[in-house]
Amino acid sequence: MSAMTTESTASPEPASSSAGHSRGGHGKSLPGPTFLRVLNSEVIKFRSLLSTLILLAATAVVMVGFGALSAWGTGQFASAASRDPQAAVRAASQGGDLAISVPTSGIAFAQLILGSLGVLLMSSEFTTGMARSTFAAVPKRLPAFTAKLVVVMVVSFAVTAISTWAAGLVAVPILDNYGLKLDLGSSESVKLLLVNSIYVAAVAAIGMALGTLLRNSAGGIMSLVGIFFVAPIAFQLIPGDFFKEARKYLPGNTVEPLTAAQHVPDTLETWQAALVLGAWVVIPILIAAVLLKRRDV
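As a starting point, this report considers the structure included with it. Being a predicted model, the structure only gives us computed values, none of them experimental.

## Observations concerning the overall build of the chain
Phase 1: The number of helices and strands found in the chain is 13 helices and zero strands.
Phase 2: Moving toward the C terminus, one meets the helices and strands of the chain in the order α-α-α-α-α-α-α-α-α-α-α-α-α.
Phase 3: Every one of the 297 residues in the chain was classed for burial, and the buried ones make up 38%.
Phase 4: Summed over its atoms, the accessible surface of the chain is roughly 16,300 Å², and 67% of this surface lies on carbon and sulfur atoms.

Right, dumping it as structure tokens:
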């Protein structure tokens with residue numbers, strides 16, 4: 001009887017040891033997907049959506065179209081200035097090369113389209129319910145958020161740069177008809193292309209932050225329009241030194257001091273404009289990342 005008792009009490013030990021081995025060998029949590037895999041999945045998701053391709057194509061068409069239209073308008077203005085002394089005075093008051101900014105004449109519309117794309121890239125995750133599957137596959141959430149941010153900023157930069165270059169190629173023969181020269185390889189042209197491409201990528205990042213914070217496509221796009229289009233006009237119309245000074249710190253007003261050959265009056269210094277634009281990107285992104293980590297899907 002005592003032998004049976006001893007045998008029965010001893011028998012659970014191997015089972016316990018086996019269970020412990022199972023927990024040690026199979027109970028460990030599997031490592032999550034690497035960042036490169038998450039980035040690859042976001043790239044696949046990005047290019048598989050028809051809406052994103054349409055927005056990217058629309059950006060290119062708008063940039064090239066406005067480049068051609070601006071080249072024609074600049075040529076007409078230069079032609080009128082050669083015949084009209086008053087027009088010549090107005091042309092001289094603008095200073096610099098009139099043709100140099102022609103390829104970037106559609107940037108205002110490019111920032112709206114690609115900024116909206118940034119909003120939709122994140123807000124659509126919540127409106128369609130895809131966020132549940134996305135964050136189930138990437139429980140830490142931040143790798144997926146970072147991957148989306150990298151994709152939208154790189155694509156926005158590339159599309160803006162290529163579209164600006166294409167707009168310049170279209171504008172060159174039009175300007176030649178009016179005796180105006182545009183050198184796309186000059187340092188000033190390259191500077192305009194790079195700075196404006198970085199700026200549009202920054203706008204797309206801000207848009208993505210708004211889409212993450214609001215989780216609503218319409219609300220995010222309207223907030224983007226308010227920041228970049230409505231606020232500058234409102235601050236200009238409202239009297240007072242405060243609004244005049246505050247207008248300089250809006251993100252849309254940082255491009256001019258960053259691209260100007262010389263300091264423009266009533267604008268920030270170049271280094272100040274760079275810091276302000278960087279703050280407009282970094283602060284919303286950090287807030288969006290923190291709230292994405294803490295809020296329920």
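## Concerning the packing of helix α6 (residues 107-127) against helix α7 (residues 130-137)
Phase 1: The N-to-C vectors of α6 and α7 enclose an angle of 100°; their axes lie 5 Å apart at closest approach. Of the possible angle classes, the one that applies to α6 and α7 is roughly perpendicular. Touching M122, E125 and F126 of α6 are M130, A131, T134 and F135, all from α7.
Phase 2: Broken down by class, the residue content of the contact of α6 with α7 amounts to five nonpolar, one polar and one charged.

## Structural notes on the packing of aromatic side chains
Phase 1: One pass over the structure, following the stated rule, counts four aromatic pairs.
Phase 2: Between Y199 and F228 the ring centres are 6.5 Å apart and the planes differ by 75°, which places this aromatic pair in the edge-to-face class. One end of the pair, Y199, is in helix α9 (residues 187-214); the other, F228, is in helix α10 (residues 217-237), and 29 residues separate them in sequence.
Phase 3: Judged by relative accessible area, Y199 falls into the buried class, the value being 4%.

## Considering the nonpolar core
Phase 1: By size, the foremost hydrophobic cluster in this structure holds 47 residues, and its most contacted members are M122, F135, F145, Y199 and F228.
Phase 2: Here this core takes 11 residues from α9, the largest share from any one element.
Phase 3: Among all residues touching Y199, those that are not within four sequence positions of it are I107, Q111, F228, P251, G252, T254, V255 and L277.

## Some details on the environment of G168
Phase 1: The residue G168 is located in helix α8 (residues 142-176) in this model.
Phase 2: Expressed as a C-alpha distance, the spacing of G168 and V64, which sit 104 residues apart in the sequence, is 7.9 Å.
Phase 3: Beyond its immediate sequence surroundings of up to four residues, G168 is in contact with P103, L182 and L184.

How each quantity is defined
Residues numbered from 1 in each chain as written. Predicted model: local features only at pLDDT ≥ 70, side-chain atom pairs only at ≥ 80, totals over all residues. Heavy atoms only, no water. Helix = DSSP H or I, 4+ residues; strand = E, 2+ residues; numbered from the N terminus. Buried < 20%, exposed > 50% of the residue type's maximum accessible area, 1.4 Å probe, protein only. Areas by Shrake-Rupley, 256 points an atom, 1.4 Å probe, with all protein chains shown as cover. Axes fitted to C-alpha atoms, helices over the stretch in contact; angles between N-to-C directions. Parallel < 35°, antiparallel > 145°, perpendicular 65-115°, else oblique. Contact = heavy atoms within 4.5 Å. Nonpolar A, V, L, I, M, F, W, Y, C, P; charged D, E, K, R; others polar. Phe/Tyr/Trp six-rings, centres within 6.5 Å; stacked < 30°, edge-to-face > 60°. Core = buried A, V, L, I, M, F, W, Y, C linked by side-chain atoms within 4.5 Å.

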